[in-house]
Structure formats: structure tokens, C-alpha cells
Amino acid sequence: MAAPPATELSAALSLELLPTDPLLLILSFLDYRDLVNCCYLNQRLNQLSSHDPLWKRHCQKYWLISEEEKIRRNQSWKEIFTSTYSDLGRYIHCYATLKKAWDDLEKYLGQWCPRMISSLKESAREEDLDAVEAQIRCKLPDDYRCSFRIHNGQKLVVPGLMGSMALSNHYRSEDLLDIDTAAGGFQQRLGLKQCLPLTFCIHTGLSQYMALESVEGRNKYEIFYQCPDQTARKPSAIVMFITGTSYLEWFTSYVNEVVTGGYPIIRDQIFRYVHDKKCVATTEDITVSVSTSFLPELSSVHPPHYFFTYRIRIEMSKDAFPEKACQLESRYWRIINAIGDVDEVQGPGVVGEFPIISPGRFYEYTSCTTFSTTSGYMEGYYTFHCLYKDRFFNVKIPRFHMVCPTFKVSTA
């Protein structure tokens, strides 16, 4: 059988003759770039690619626009996509991720830390970010700019959005700096060349910095705490404790820890203690769990001195009998560093207290330790005395590890 003439075949495949519904279905699978390109192919595709429901998916995927927001704006889906793209188009690759992180964080703060919400600033304008780039003569990464188009950091207040830490004689709380304050702290001095501060603690002066260029041994957009090298002759010699490889990774990983309960809320602020779910031990009706944190502001690489704090929760099961109530009498610790050196500590109570626990009640306290190596672990037991009978018993403290973040030495 002879093949049909080419003219008949092209007529049979003409877009003008294909039904509308299958074409709309095909167009619904296209990305926004391809959908725009279809407008320039012919008149029919131009009409079909403007079909408003096709743009709903792109508005929701890239701009997180809800049905309620669409009604409030009183625009079509295509109009919303187009107007938003004209303002935020350069951030289309990261906007949805950062917007979701901010939305999740605000929702969480509204429930657990409501006073922190009022410290957040409105979005920065595109021209404000451009002005800062001109001022510091460095390009800001798109993910950083995008985040500040959502919220321009926070006011310099306590508690800070980026987490707190407290010991008996030491307190830290980091604010997320607004763009103007960050630009004012931009560094050009040896050791911190072309580094922009992201956070600041009013009490300690501690900041996390982002490298805007690959200089002095840093990778571009790397985020770190600075740590002076106390053994170096030059004050510009610093060690960097790395906290992120990009702003997007740094900010979203922090938010994820917060909103999933990875960091505890204590006195209406976020405390940056990391809890290993396996680090729990139960003896009879008493459960002991531990969370830990590294304190860069109290640590040093040269000379080696790595400072860690740990928070311990001691809890009695609510199903225990009332006569199980008991009082902590003493503690015993084995502290082992990375090369196997062992230090044993034994003494009365904990942090000068002798807590009593009963069914459904708990006791929490914070203490600290230092290592001459970058890591180590602790384990031990508490000795309790039953209040209603002359009986002493030991309660296991689970082994918990503490590891210093990755660090590198500046080549300045």
C-alpha cells in the first residue's frame, strides 16, 4: 500500500485540526519557559497557552500562591505569575524553598515564641540590595538576596532569631542582621577580607560570616564563625568553624531543626542544643536524655581547647508508683577524649543541687566540659536515694558524643 502524500500527512497533523482538550493536557506538562515559547509558534498555541488554569500550577510551584491569595489579589493566574516574575524572576530557582522556610518558621514562632515575630523586618527592596552591592563592591548571592526580599532580617533584640545558648555565667543570642547593618559590618581587613556578617550577638560580639569571594582559603559563599589563632604572631590569623556551604543550605537547615523540634524552646527562645534520639537511657522508672552544643566563642584551635555544653533531662514515668519518689545524691562521670585519655569525676549532687523527682515530674540542668581534642564522649551514672525506703540505686547516663564542627585555617 502506497504511503499518503506529504501534503495529506501534514494536513492530518495540523494543530488547527487537533481537539482542544488533548492540547491543553499536553501544555499542562510544560514548564513555564516552554509555555511562554508556545505563544510565539502560531495563533492557536498562543491562545491555548494563555488558558488561565495552565498557570495555576506554576504560581503554586514557584511563588507558593494559594487560592485565597489569588482571590485577594483579584488577578488571573497568568497575571499573577507574570507580575511576580517581573519582580522576583531572578530568584525563581530558590524563592519557593526560602518562602516555605520563612512561612514554616513564622508559623512555629507564632505558636512557641510569639514575641520574636514582632522583631522581624519587612522585605528589603531590590534597589536596597543593589545599593549595598555598590557600597561594598561585591555581588550578593541570589539566595541571600531572595531571603531578604521576604524578610529583611530582624531588629537588634533579645532573643535572637538564630538561636541562644546559656550557661551560669555566659549567654549568647544571635540576631539575623538586616541588610544595612550587615553592610556596615562588611570586612576588608586581613583575615576576613570580603566577608559579610549574617548574625550578631549583642552580649558576646559573636558573628557568623559569609565569604563573598574565594580568598584567604575560604570557598565562595561559605559561612563560618571566626576564631582567632592565639599562638600566631599576626592577629589576622584566624580559624574558621564552618556552619554552611551556602545561604540557602545554612538558613533552611536551621529552620528545619527549629520547626521539627530539633532545638528546644526554653523561656520563649530557641536554644541550639542538638539531641540524638538514640542518646536515651532508662533505669527502672527513670529516663535520662542528653542534648549537646559546641560553643565557638569559648573555643580555640590553637591552642586546642574545644568547649561543649550539654543539657540533661531526668524524668520519672507518670505510671510509676508514688513511693518511687527519690532524690539525686551524687554523680559519676567518665570523660574520654579522641585519643583515649580518661578523666573520672565524682561528687555530690549536680550543679550544686539535689533534685527530687516523682512520678510524671522531671528535672533539667545544663553543664559544660572541654576537650583538648576535636571530639570526645561522656558517660556515667547518678546515685538516687528512695524517699520512702532506705534504698540507694544507680541510674545510667547514656554515652553522648561531642564533635567540633569542620574548621579550616585562613591563609591570610
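Criteria and cut-off values
- Residues numbered from 1 in each chain as written.
- Predicted model: local features only at pLDDT ≥ 70, side-chain atom pairs only at ≥ 80, totals over all residues.
- Heavy atoms only, no water.
- UniProt positions renumbered as here; feature names shortened; annotations may be inferred.
- Axes fitted to C-alpha atoms, helices over the stretch in contact; angles between N-to-C directions.
- Helix = DSSP H or I, 4+ residues; strand = E, 2+ residues; numbered from the N terminus.
- Parallel < 35°, antiparallel > 145°, perpendicular 65-115°, else oblique.
- Left-handed = near helix turned anticlockwise from the far one by under 90°.
- Contact = heavy atoms within 4.5 Å.
- Nonpolar A, V, L, I, M, F, W, Y, C, P; charged D, E, K, R; others polar.
- Patch = residues over 30% accessible without salt bridge, like charges linked within 9 Å, V, L, I, M, F, W, Y side chains within 5 Å.
- Areas by Shrake-Rupley, 256 points an atom, 1.4 Å probe, with all protein chains shown as cover.
- Salt bridge = Lys/Arg side-chain N within 4 Å of Asp/Glu carboxyl O.
- Pairing = 2+ DSSP bridges.
- Phe/Tyr/Trp six-rings, centres within 6.5 Å; stacked < 30°, edge-to-face > 60°.
- Buried < 20%, exposed > 50% of the residue type's maximum accessible area, 1.4 Å probe, protein only.
- Lys, Arg positive; Asp, Glu negative; His and termini not counted.
- Core = buried A, V, L, I, M, F, W, Y, C linked by side-chain atoms within 4.5 Å.
- Domains from an automatic or database assignment.

- The name recorded for the protein in an unreviewed UniProt entry is FBX3 protein, from Daphoenositta chrysoptera.
- Heading Pathway (unreviewed entry) of the UniProt record for the protein holds this comment: "Protein modification; protein ubiquitination."

Here's the deal with the packing of helix α10 (residues 126-136) against helix α11 (residues 142-150)
Thinking step 1. Two elements in contact, α10 and α11, have axes separated by 10 Å at closest approach and are oriented at 140 degrees. Looking at the two axes, α10 sits oblique to α11. The hand of the α10/α11 crossing is right-handed. Contacts between α10 and α11 involve Glu126, Leu129, Asp130 and Glu133 from the former and Arg145, Phe148 and Arg149 from the latter.
Thinking step 2. By residue class, the composition of the contact of α10 with α11 is two nonpolar, no polar and five charged.

Quick look at the UniProt feature "domain: ApaG" (unreviewed entry) in the protein
Thinking step 1. Here, UniProt's "domain: ApaG" (unreviewed entry) annotation points to residues 280-409.
Thinking step 2. Annotated as 0% helix and 63% strand, the span residues 280-409 places its first and last C-alpha atoms 36 Å apart.

Some points on a nonpolar patch on the surface
Thinking step 1. Taken together, the side chains of Leu156, Val158 and Ile202 present a nonpolar region at the surface, about 240 Å² in accessible area.
Thinking step 2. Tracing the chain through its elements places Ile202 in the loop between β4 (199-201) and β5 (208-211).

Observations regarding the sheet that holds strand β2 (residues 170-176)
Thinking step 1. Pairing is antiparallel in the open sheet, where three strands are placed in the order β1-β2-β4. Edge positions in the sheet fall to β1 (164-167) and β4, since each of these pairs with one other strand and no more. On average, each strand axis in the sheet is tilted by 20 degrees relative to the strand beside it, whichever way the strands run.

Topic: the packing of aromatic side chains
Thinking step 1. Summed over the entire model, instances satisfying the criterion amount to 29 aromatic pairs.
Thinking step 2. Ring centres of Phe241 and Phe294 lie 5.1 Å apart, and the angle between their planes is 65 degrees; this geometry places the pair in the edge-to-face category. Within this pair, whereas Phe241 is found in strand β7 (residues 238-244), its partner Phe294 is found in strand β11 (residues 286-294), the two being separated by 53 residues in sequence. Taken individually, Phe241 and Phe294 each receive the classification buried, so the pair is uniform in this respect.

What to know about the side chain of Asp175
Thinking step 1. Examined against the element boundaries, Asp175 turns out to sit in strand β2.
Thinking step 2. Although Asp175 is buried, it makes no salt bridge; Lys121 carries the closest opposite charge, 10 Å away.
Thinking step 3. Beyond its immediate stretch of four places on either side in the chain, Asp175 contacts Gln154, Lys155, Leu156, Val157, Pro159, Gly160, Leu161, Met162, Leu198, Thr199, Phe200 and Ile202.

Concerning the pattern of salt bridges
Thinking step 1. Scanning the model with the defined rule gives 30 salt bridges in all.
Thinking step 2. For Glu69, the salt bridge is made with Arg72, and the minimal N-O distance between the two is 2.8 Å. Note that Glu69 and Arg72 are positioned in helix α6 (residues 67-73) at a spacing of three residues, about one turn of the helix.
Thinking step 3. As a salt-bridge pair, Lys99 and Asp103 come within 2.9 Å of each other at their nearest N and O atoms. A residue pair is termed a helical-turn pair when its members lie 3 or 4 positions apart in one helix, as Lys99 and Asp103 do in helix α8 (residues 95-112) at four residues.

Considerations on the sheet that holds β7
Thinking step 1. Pairing is antiparallel in the open sheet, where five strands are placed in the order β3-β5-β6-β7-β19. For this open sheet the edge positions go to β3 (195-197) and β19 (407-409), each flanked by a neighbour on one side alone. Averaged over neighbouring strand pairs, the angle between their axes works out to 40 degrees when direction is ignored.
Thinking step 2. Strand direction decides the pairing type here: strand β6 (residues 223-228) and β7, joined by six bridges, are antiparallel. Opposite Phe224, over in β7, you have Ile242 as the bridge partner.
Thinking step 3. Strands in contact with helix α13 (residues 247-259) are β5, β6 and β7; relative to β7, the strand with the most contacts, it is inclined by about 65 degrees.

Description of unusual backbone geometry
Thinking step 1. The peptide bond linking Val158 to Pro159 adopts the cis configuration, its omega dihedral lying at 10 degrees.
Thinking step 2. Looking at where Pro159 falls in the secondary structure, it is placed in the loop between α11 and β1.
Thinking step 3. In the segment running from His302 into Pro303, the intervening peptide bond is cis, with an omega of 0 degrees.
Thinking step 4. Positive phi values are uncommon outside glycine, yet Leu64 reaches one of about 55 degrees.
Thinking step 5. Structurally, Leu64 can be placed in the loop between α5 (53-63) and α6.
Thinking step 6. Of note in the backbone geometry, Asp268 takes a positive phi value of approximately 60 degrees without being a glycine.
Thinking step 7. Considering the arrangement of structural elements, one finds Asp268 in the loop between β8 (265-266) and β9 (269-270).

A look at the nonpolar core
Thinking step 1. One finds Leu140, Tyr144, Leu161, Tyr247 and Phe251 to be the most contacted residues of the largest nonpolar core, which totals 62 residues.
Thinking step 2. Per-element accounting of this core gives the leading share, seven residues, to α8.
Thinking step 3. There are two domains that each give this core at least three residues, and those are domain 1 (20-91) and domain 2 (96-260).

Re the side chain of Thr84
Thinking step 1. Considering the arrangement of structural elements, one finds Thr84 in helix α7 (residues 77-88).
Thinking step 2. The class of Thr84 is buried, set by a relative accessible area of 11%.
Thinking step 3. With sequence-adjacent residues up to four places away left out, Thr84 is seen in contact with Trp63, Arg73 and Gly89.

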